[in-house]
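Spelled out from the first residue to the last, the chains are:
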Amino acid sequence: MRKFCQKINLKIFIPSCITLMLLIFILLLWPERARKAVMYLFDICTDSFGWLYLTACIISFAFLIWLSLGRFGSVKLGGKDEKPQYSDISWIAMLFTAGVGTSIVILGFLEPIYYVSSPPFQIVPFSETAYEYAHMYGQFHWGFSAWAFYNPAIVAVAYMMYVKKKSSIRLSSACGILLNKHTDGWLGYCIDILVVFGVVDSISTSLGIGTPVLADVIRKVFGIPKDYELIVKMVVLTVWILIFGTSVYLGLDKGIQRLSNINIGMAFLFMLVVLLAGPTVDILKMEVNSAGLYVREFFRMSTYMQPFGSGEFTKNWTVFYWGWWIAFMPMMGMFIGKISRGRTIKNVVWGQLLWGTLGCCFSFMIFGGYSLWLQQSGQVDLAAILNEEGQGGAVIAILETLPMARFMMLFLCIVCFIYLATTIDSCAYVLAGVTTKALAPDQEPARWNRIFWAVVFCVLSIALMLIGGIESVKIMSVVTGLPLIFVLFLLMLAVKRTLEQDIPKDEKL
């Protein structure tokens, strides 16, 4: 036992595990009270602090521009002559698949239908204008704004590991210049424990969206009665454990990198099939229109709070997403920072922003364009199906319109399995690193620790499904995102002060 724990930071590991176990017991013993408590916290976060989430996004953009276009943009995250650790293709594949999961496929199809049914800006539902905004708005929520949140953590971690040569990927260590002696004290440990919960809650959100839909699709393909729905969900999670457990065990190079490369190829093949099988020209016309609309309305969407209205759209969508991305921020920062050795700050900042945004926009362009075309042409009333049968029924209805519908359903399941497996792999890798005392740039966390966190994700998800509350608990990422906003600001200040201290104005880069 001592051999297993000698490299583990027990001051982070034990409190995190105990708190998660208590959370699971509370969910199982008092499910209704737990659901009400979560909804109460969600309402406080969105009603009273929604403005803070939007402000954090704007500040993240300002920081990105200052960092990349100023004199620090050419700073290399590593030695002066050091080359990138991974090829561009592998780097892009790993950062994209870590940042998105099954949700990009499922919500790529369904989110535009939600928007056209209840559009923003007091637009008439199902009007021509509503369809235009519906096709574009998902690309805003998954685009530049989402990926801008990650940059402070990415640069902080990569600079700390590959320039300062510190053996840690903890965000508290990245803020060491501000925390000083408190880095390894209660304040630093609180930040790291909060990071653990941010990662766990963000993955719970992804599982909450993906698992029920995949279970419905699998039941449809194999004709399994609804009475076995819970069993099918358990099987889905078990398969995920086998996939990402194997990948996590193999490590970063042999596991996650290979799985990410496979994932990117299969995902784009699936998108290509939908594009060619669907109204190709109409989808391309939608995207050209959406690109212009995105540019024109970017600042309006970034500050849209509905102060004289209900605020429901902003609360349920924009604030929800910004909370989700902020909860994902620690994981993305630590993971992308870990794989960005040998790249310049400008290359990392704009590379992950542009490639991440393009991947998400392609998904919404094709999947969202196809579902909107089905709705607008009258072929399938997806809005009605979504209300009556839920997300699983709507996705099945969309896939049934494609050639070789049964095969496409199976192919979708495989793509989604690998998508989320790569995301969970990255999260488990990061949490294992956070709970490790020291981790040199060329070292990986203990295998048992990586597998432990991968299993924790599934155990928590099973507990949530047993009480039937996974749909409500998935919004926990918004609640966790609120305190992480202050960690985000702390990271910005830490990066700024560190770079200014290490690289004076009169020093040539």
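Reference entry: report on the structure contained in this document. (Residues numbered from 1 in each chain as written. Predicted model: local features only at pLDDT ≥ 70, side-chain atom pairs only at ≥ 80, totals over all residues. Heavy atoms only, no water.)

### So, the side chain of Asn-9
Convention followed: Helix and strand definitions follow DSSP, with helices as H or I runs of at least four residues and strands as E runs of at least two, each counted in order from the N terminus. Between two residues, a contact is recorded if the distance between any of their heavy atoms is within 4.5 Å.
Within the secondary structure, Asn-9 sits in the loop between helix 1 (2-5) and helix 2 (10-29). Apart from residues lying up to four places away in sequence, Asn-9 is in contact with Arg-170, Tyr-189, Thr-435, Thr-436 and Lys-437.

### Topic: the packing of helix 16 (residues 345-377) against helix 17 (residues 382-399)
Here is the rule we go by: Inter-axis angles, ranging from 0 to 180 degrees, are taken between N-to-C directions of lines fitted to C-alpha atoms, where helices are fitted over the stretch in contact. Here the angle decides the label: under 35 degrees means roughly parallel, over 145 means roughly antiparallel, 65 to 115 means roughly perpendicular, and every other value means oblique. Crossings are sorted by hand: turned counterclockwise from the far helix by less than a right angle, the near helix makes the crossing left-handed, and turned clockwise it makes it right-handed.
Viewed as axis vectors pointing N to C, helix 16 and helix 17 meet at an angle of 130°, and their least axial separation amounts to 13 Å. Classified by the angle between their axes, helix 16 and helix 17 sit oblique to one another. Taken as a pair, helix 16 and helix 17 cross one another with a handedness that is right-handed. For the pair formed by helix 16 and helix 17, the contact residues are Tyr-370, Ser-371, Leu-374 and Gln-375 on the first element and Leu-382, Ala-383 and Ile-398 on the second.

### Structural notes on unusual backbone geometry
For residues other than glycine, phi is negative in most cases, and the peptide bonds are mostly trans. This is how the line gets drawn: Using a 1.4 Å probe on the protein chains alone, a residue whose accessible area is under 20% of its type maximum counts as buried, one over 50% counts as exposed, and one in between counts as partly exposed.
We note that Gln-306 has phi near 50°; this positive angle belongs to a residue other than glycine. Within the element layout of this structure, Gln-306 appears in the loop between helix 14 (280-302) and helix 15 (312-339). Unusually for a residue other than glycine, Met-404 sits at a positive phi of about 50°. Looking at the element boundaries, Met-404 is found in the loop between helix 17 and helix 18 (405-434). Residue Met-404 is classed as exposed on the basis of its relative accessible area of 60%.

### Brief notes about the packing of aromatic side chains
For clarity, the cut-off: Aromatic contacts are taken between Phe, Tyr and Trp rings whose centres are within 6.5 Å, Trp giving its six-membered ring; a plane angle under 30 degrees counts as stacked, one over 60 as edge-to-face, and the others as tilted. For a lysine, the NZ atom is tested; for an arginine, the CZ atom; a charge sits over a ring if that atom is within 6 Å of the ring centre and within 35 degrees of the ring normal.
Taken as a whole and assessed by the stated rule, the structure comprises 38 aromatic pairs. Between Phe-13 and Phe-452 the ring centres are 5.3 Å apart and the planes differ by 40°, which places this aromatic pair in the tilted class. Taken together, the residues span a long stretch of sequence, with Phe-13 in helix 2 and Phe-452 in helix 19 (residues 447-466) at a distance of 439 residues. Classification of Phe-13 by relative accessible area gives buried; the value is 12%. Considering the side-chain rings of Phe-270 and Phe-367, the 5.6 Å spacing of their centres and the 55° angle between planes classify their relative orientation as tilted. Taken together, the residues span a long stretch of sequence, with Phe-270 in helix 13 (residues 252-277) and Phe-367 in helix 16 at a distance of 97 residues. A single burial state applies to Phe-270 and to Phe-367, both of which are buried. If you follow Arg-300 out to its NZ or CZ, it ends over the ring of Phe-121, 3.8 Å from the centre. Above the face of the Trp-91 ring, Arg-343 is positioned so that its terminal group lies 4.4 Å from the ring centre.

### Considering the pattern of salt bridges
Let me state the cut-off plainly: Salt bridge criterion: a side-chain nitrogen from Lys or Arg within 4 Å of a carboxyl oxygen from Asp or Glu.
Counted by the stated rule, this structure contains 12 salt bridges. The shortest N-O distance in the salt bridge between Lys-315 and Asp-43 comes to 2.9 Å. Pair noted here: Lys-315 is in helix 15 and Asp-43 is in helix 3 (residues 31-69), with a separation of 272 residues, a long-range link. Judged by its relative accessible area of 30%, Asp-43 falls in the partly exposed class. Several salt bridges share partner residues, and in doing so they unite Asp-43, Asp-47 and Lys-315 into one network.

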